[in-house]
Amino acid sequence: MKKTYVFLIFLAFTFNINAIAQDEEPDKGTFQFLKDYVNRIVNDTVSQEKSQFFLYPVVGYRPETGVEFGVTSLYVYYAKEDTSNRLSEINAYGFFTLKSQFGLRADHAIYSHKDKWFFLGDLNFEKFPIKYYGIGNNVPEDNIALVDATQIKIRERVLRRLFKDFYIGLETDFVSLRNVKFEDPDDNSQTVDFSLPFGAEGTTNFGIGAGLVYDERRNVLNERNAFFSEVAYLNYNTFWESEVEYNSIISDTRFFKSMNKRDVLAMQLLGEFNFGGKVPFNQLSKMGGQYMMRGYFRGRFRDENQIAAQVEYRFLPLDLSFSNRLGATVFAGVGEVFSEWNELQVKDIKWSAGVGARFLLFQQKDVYLRVDYAITPDENGFYIGVGEAF
């Protein structure tokens, strides 16, 4: 059973700054800047309409990368400082390892003034090994290869509001996998002894299509009472310089219900369906990760299609006499990957479950720091981030 360990050191940094501040005179230099920054975060002295920026270092360990050092940043704001607009967020994480591996991940949900335009997307650039178990549900417990490669993935939606909460617009997806090497997981000097999947030599593909979105959310990082649904169609075609041709449909539906002033019931149903051509192994539907089916390594199971669902009960915050900034969650999910619809079987359904702790980072904007621990029949996962998983 392999685990991923990540340690947040921002809180230790915070306490050290506050302790030192008791013994030193304030000045206008670097120390005063750090002290003011920590005070703004810990005490949340920024008014609701003002933008906020949060930066913290992360140290972690993963079996495929070794020791990992990173920095996470979050920027949240209301367009034109008007709180009648929806809360926009830009989140980024950059890292490097002692094995000369590195990566950058960023995502955003940006609303224009009066919410007329909605920009939703993510970027992922990585140069480090990907664990590969094979394709389908019946794959080995341990990865059969490490795929050392350089990967760039950019997905962007540009959506225009037609009326109230209904948006329509352009969806694009760019994926490039280059410098690919399938290595033996126990000895990377050895080649693997199985037939390589389609796309093992590396491909660069571009998909373009349309998306329909119904979005009642006011705060994408922590919604309490809303409905969200997205249906997207993407066509990968050599006409726009894609090296492969196939189609993809993605359906993502989320429901949030306030149970009382603190507690929230959240549910999500996700479907990813690829058809009309051969799909490279790195663009197959992948189960796992920090957002859906937590506990599984992303790509632990992969195939042409995936259906997954999760439910989460959030105590935000907990009813504690000594603090109103601590919260907790419990969650569970089920999912399955498959090639053909007739392959769907109850015995193949995978499950995950877990618990989480929360710290109210921005009180005025209701944004929490998230720490989750998830278990599955195969492996466990530990995750740290800003904002809820969905």
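To be clear, the structure that these remarks concern was listed above.
Parameters and conventions
- Residues numbered from 1 in each chain as written.
- Predicted model: local features only at pLDDT ≥ 70, side-chain atom pairs only at ≥ 80, totals over all residues.
- Heavy atoms only, no water.
- Patch = residues over 30% accessible without salt bridge, like charges linked within 9 Å, V, L, I, M, F, W, Y side chains within 5 Å.
- Areas by Shrake-Rupley, 256 points an atom, 1.4 Å probe, with all protein chains shown as cover.
- Salt bridge = Lys/Arg side-chain N within 4 Å of Asp/Glu carboxyl O.
- Lys, Arg positive; Asp, Glu negative; His and termini not counted.
- Charge placed at Lys NZ, Arg CZ, Asp CG, Glu CD.
- Helix = DSSP H or I, 4+ residues; strand = E, 2+ residues; numbered from the N terminus.
- Core = buried A, V, L, I, M, F, W, Y, C linked by side-chain atoms within 4.5 Å.
- Buried < 20%, exposed > 50% of the residue type's maximum accessible area, 1.4 Å probe, protein only.
- Contact = heavy atoms within 4.5 Å.
- Pairing = 2+ DSSP bridges.
- Phe/Tyr/Trp six-rings, centres within 6.5 Å; stacked < 30°, edge-to-face > 60°.

Enquirer: Quick rundown of a positive patch on the surface? Include the residues and the values.
Expert: On the surface, Lys80, Lys114, Lys116 and Arg160 cluster together into a positively charged patch. Secondary-structure assignment places Lys116 in the loop between strand S5 (102-111) and strand S6 (117-127).

Enquirer: Requested: an account of the nonpolar core, with residues and values cited.
Expert: Core analysis: the biggest nonpolar cluster contains 23 residues, and Phe54, Tyr56, Leu74, Phe118, Phe362, Val367 and Val386 have the highest contact counts within it. Listing elements by their share of this core, those giving two or more residues are strand S2 (52-62), strand S3 (66-78), S5, S6, strand S18 (350-362), strand S19 (367-375) and strand S20 (380-386).

Enquirer: Please set out the side chain of Asn91 residue by residue, giving values where relevant.
Expert: Following the sequence through the fold, Asn91 ends up in strand S4 (residues 87-97). In contact with Asn91, not counting residues within four places along its chain, are Thr72, Ser73, Leu74, Arg105, Ala106, Asp107 and Val386.

Enquirer: Describe the pairing of strand S9 (residues 166-183), listing the residues and the values that go with them.
Expert: Bridge count for strand S8 (residues 145-163) against S9 is 16 bridges, and the pairing is antiparallel. Note that in S9 the partner of Arg161 across the bridge is Tyr167. The hairpin formed by S8 and S9 contains two residues between the paired strands, and Lys164 there has a positive phi angle of roughly 40°. Of the pairings in the sheet, the one linking S9 to strand S10 (residues 204-215) comprises eleven bridges and is antiparallel in character. Note that in S10 the partner of Ser176 across the bridge is Thr204.

Enquirer: Lay out the packing of aromatic side chains with the relevant residues and their values.
Expert: Each aromatic ring pair is characterised by the separation of its centres together with the angle its planes make. Under the definition given, this model contains 24 aromatic pairs. For the ring pair Tyr132 and Phe182, a centre distance of 5.6 Å and an interplane angle of 85° mean the geometry is edge-to-face. Note that Tyr132 is positioned in strand S7 (residues 130-132) and Phe182 in strand S9, a separation of 50 residues in sequence. Among the residues examined, Phe182 registers a relative accessible area of 10% and is labelled buried. Ring geometry for Tyr214 versus Phe227: centroids 6.2 Å apart, planes at 50°, classification tilted.

Enquirer: Outline unusual backbone geometry, supporting the account with residue identities and numerical values.
Expert: Cis geometry marks the peptide bond from Leu316 to Pro317; its omega dihedral reads -5°. Mapped onto the elements, Pro317 comes out in the loop between strand S16 (305-315) and strand S17 (326-338). The phi dihedral of Asn179 falls on the positive side, at around 55°, and the residue is not glycine. Structurally, Asn179 can be placed in strand S9.

Enquirer: A description of the pattern of salt bridges should follow, citing residues and the corresponding values.
Expert: This model, assessed by the stated rule, comprises 26 salt bridges. Note that Arg155 is salt-bridged to Glu230, the shortest N-O span being 3.9 Å. Residue Arg155 is found in strand S8, and its partner Glu230 is found in strand S11 (residues 226-236); the two are separated by 75 residues along the sequence. A relative accessible area of 3% places Glu230 in the buried class. Bridged by salt links that share partners, the residues Arg294, Glu312, Arg314, Arg358, Arg370, Asp372 and Glu388 form one connected network.

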